[in-house]
Amino acid sequence: MPLILIRHGESEANFANYWTGWLDVNLTEKGREQAILAGKKISEAGYQIDLAFESVLKRSILTAELILEQNNASAVPEFKTWRLNERHYGDLVGKNKAKMTAEYGAEQVEKWRRGYDEVPPQVKINHFDRRYNNLDPRLIPKGESLHQTEQRVIPLWQDEIVPELKAGKTVLVVGHGNSLRSLIRYIEEVPPLEVNQIDIPNATAMIYDFDQQMKITHKKIM
């Protein structure tokens, strides 16, 4: 019952060094190449993907599609969910990280980036498109801590991903730095104060095997 976790390839925001959050940006050409290479590595290691979970943001969706194509798995079910979206960075979205470091100091910026309970300055109004129209407005944040991100990711894990793994499926999950960080913290039982040590590189597959009690039996990174 392998679980393949992978962060999207390099995005335009990663390249330009600004906070993205729920902003919908595309992959760079490098990001596309990273996704294709990740798909090749997964296939060469002998994994055959049975289904995929993605965020509703195109950098995640495109990464998943490129990986599935390399895995000869383009026809498998794909489930797009807001629960895998990147952490909502509130009023920081679209702002350059280096400029925010100069304005607020490195310590505060590091708390915003890697802290567990630090909530960024919130936006007053979200301006989102129709992909969120059927979502209860009370669920849509105006800014999130990593802890709050985890609280929306874990129901997806428990209710949808775990049953597929227990059924013997090989599951691909393509998310974002913080949605995956929160999931890894939960499944690896990492103490909250150590969550800043969880590093999620772009387009690097983290593969977990579990027993029937959903305890990790093996992990590898490639």
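As a convention, each chain's residues are numbered from 1 in the sequence order in which they are written. For a predicted model such as this one, the threshold for reporting local features is a pLDDT of at least 70, and the threshold for listing and counting side-chain atom pairs is 80 or more; totals across whole chains, interfaces and linings nevertheless cover every residue. The side-chain figures draw on all heavy atoms in the structure; neither hydrogens nor water molecules are used.

1. A look at the nonpolar core
We call a set of buried Ala, Val, Leu, Ile, Met, Phe, Trp, Tyr and Cys residues a nonpolar core when their side-chain atoms join them within 4.5 Å. For the exposure calls, accessible area comes from a 1.4 Å probe over protein chains only, and a residue counts as buried if that area is under 20% of its type's maximum, exposed if over 50%, partly exposed in between. Counting 29 residues, the largest nonpolar core has Leu3, Leu5, Trp157, Ile161, Leu165, Val173 and Phe210 as its most contacted members. Put simply, DSSP H or I for four residues or longer makes a helix, DSSP E for two residues or longer makes a strand, and each gets a number counted from the N terminus. Secondary structure elements with two or more residues in this core: strand S1 (3-7), strand S2 (51-54), helix H6 (146-166), strand S4 (171-175), helix H7 (177-187) and strand S5 (206-210). Broken down by element, the residue count for this core peaks at eight residues, all from H6. Note on contacts: a residue pair qualifies if any of its non-hydrogen atoms lie within 4.5 Å across the two residues. Excluding anything up to four places from it in sequence, Leu165 contacts Met1, Pro2, Leu3, Trp157, Val171, Phe210 and Met214. With 16 residues, the next largest nonpolar core counts Ile42, Ile49, Val174 and Ala205 among its residues.

2. A few points about the environment of Glu110
The residue Glu110 is located in helix H5 (residues 106-114) in this model. Take Glu110: its relative accessible area is 39%, and that puts it in the partly exposed class. When the C-alpha positions of Glu110 and Asn196 are compared, they lie 9.1 Å apart, and in sequence the two are 86 residues distant.

3. A short note on the packing of helix H2 (residues 29-44) against helix H3 (residues 58-70)
Running from amino to carboxyl end, H2 crosses H3 at an angle of 40°, the nearest separation of the two axes being 8 Å. As the angle between them shows, H2 and H3 are arranged oblique. Handedness of the H2/H3 crossing: right-handed. Packed against H2, whose contacting residues are Arg32, Ala35, Ile36, Gly39, Lys40, Ile42 and Ser43, the element H3 presents Leu62, Thr63, Leu66, Ile67 and Gln70 at the interface. Side-chain classes are defined by residue name, with Ala, Val, Leu, Ile, Met, Phe, Trp, Tyr, Cys and Pro counting as nonpolar, Asp, Glu, Lys and Arg as charged, and the others, Gly among them, as polar. Looking at the contact of H2 with H3 residue by residue, the classes come out as six nonpolar, four polar and two charged. To define axes, lines are fitted to C-alpha atoms, for helices over the stretch in contact only, and angles between the resulting N-to-C directions are given on a 0 to 180 degree scale. An angle counts as roughly parallel when it lies under 35 degrees, as roughly antiparallel when it exceeds 145, as roughly perpendicular when it falls between 65 and 115, and as oblique in every other case. By definition, turning the near helix anticlockwise from the far helix through less than a right angle yields a left-handed crossing, and turning it clockwise yields a right-handed one.

4. Focus on the sheet that holds S2
Strand order in the open sheet made by the six strands is S3-S2-S4-S1-S5-S6, with mixed pairing throughout. For this open sheet the edge positions go to strand S3 (78-80) and strand S6 (216-221), each flanked by a neighbour on one side alone. Here the average twist between neighbouring strands, direction ignored, is 15°. A pair of strands is treated as paired once DSSP finds two or more bridges between them. Across three bridges, the pairing between S1 and S5 is antiparallel. By the bridge assignment, Leu5 is partnered in S5 with Met206. This element, H3, spans S1, S2, S3 and S4 of the sheet and lies at about 145° to S4. Each of S1, S4, S5 and S6 touches H7; the most contacted strand, S1, lies at about 145° to it.

5. Quick look at the pairing of S6
When a strand is regular, its side chains alternate between the sheet's two faces. Note that S5 and S6 share five bridges and pair antiparallel. Bridge pairing in S6 links Tyr208 to Lys219. In this structure, the hairpin formed by S5 and S6 is closed by a connection of five residues, where Met214 is found at a positive phi of approximately 60°.

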